Amino acid sequence: MQLATPGPVVGSTADSLRVTFAPLSLDEVYTLADAPANGAVVVMSGMVRNHSEGKAVVALEYQAYEPMALEVFKQIAAQIRATWTEATRVVIHHRTGKLAVGDISVLVAVGCPHRAEAFAACQYAIDTLKHNAPIWKKEHWADGSTSWVSIGACESAEQPC
């Protein structure tokens, strides 16, 4: 059995940006986003649900073009720092590989002195990631069929994700 190792962490020293095969940790991401100047840390946890498009889902499989995904994560962090200048930490971790129902696929956390900015920055980060990052998911249906979905397609009205 091969043990998964975390992917590289990139970005500023205050940020943690990662694409990894390893399971994601809420505790780790919260700790990475925390700082003494924070009045709030907002964490968004995306997980594999048991249905999509009215059909039963048994698993999702994620693939990413990692170098470009990490560049997108860096751009998101930079835009957060330009828009919410008091943001202390930005954390974006996304998994790849096959995930079961209930597994965490993405964690985004932002630390800020005030909650309104932390919520807004976190929402900006996940919405922009889903639209811009070269990450794809393959839905594994209960009937044995599969279909690939670009995460960017999740932003359309026809494909809520």
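Residues numbered from 1 in each chain as written. Predicted model: local features only at pLDDT ≥ 70, side-chain atom pairs only at ≥ 80, totals over all residues. Heavy atoms only, no water.

Asks: Would you mind going over the packing of aromatic side chains with me for this structure?
Replies: Given two aromatic rings, their pairing is described by the distance between the two centres and the angle made by the two planes. Inspection of every chain in the model, using the stated rule, returns one aromatic pair. Ring geometry for W84 and Y124: centres 5.9 Å apart, planes at 55 degrees, overall tilted. Taken together, the residues W84 in the loop between helix 2 (66-83) and strand 5 (89-95) and Y124 in helix 3 (residues 115-132) connect sequence positions 40 residues apart. The side chain of K55 reaches across the aromatic face of W141, ending 4.1 Å from its centre. (Phe/Tyr/Trp six-rings, centres within 6.5 Å; stacked < 30°, edge-to-face > 60°. Helix = DSSP H or I, 4+ residues; strand = E, 2+ residues; numbered from the N terminus. Lys NZ or Arg CZ within 6 Å of the ring centre and 35° of its normal.)

Asks: How should I be thinking about the confidence of the model for the chain in this particular structure?
Replies: When pLDDT is low, close inspection of the predicted coordinates is not appropriate. Summary statistics for the chain give a mean pLDDT of 89 and a share of 84% for residues scoring 70 or more. Below pLDDT 50 for its whole length, residues 1-11 participates in 24 contacts with residues either more than four positions away or in separate chains. (pLDDT = per-residue confidence, 0-100. Contact = heavy atoms within 4.5 Å.)

Asks: How should I be thinking about helix 3 in this particular structure?
Replies: Think of an α-helix as 3.6 residues a turn; residues three or four steps apart then line up on the same face. Over its 18 residues, helix 3 runs 25 Å from end to end, which matches the ideal 26 Å to within 8%, given 1.5 Å per residue. Where helix 3 is concerned, the buried positions are A118, A121, C122, A125, I126, T128, L129 and K130. Buried residues in helix 3 make contact with strand 2 (40-47), helix 2, strand 5 and strand 7 (104-112). (Expected span 1.5 Å × (residues − 1). Buried < 20%, exposed > 50% of the residue type's maximum accessible area, 1.4 Å probe, protein only.)

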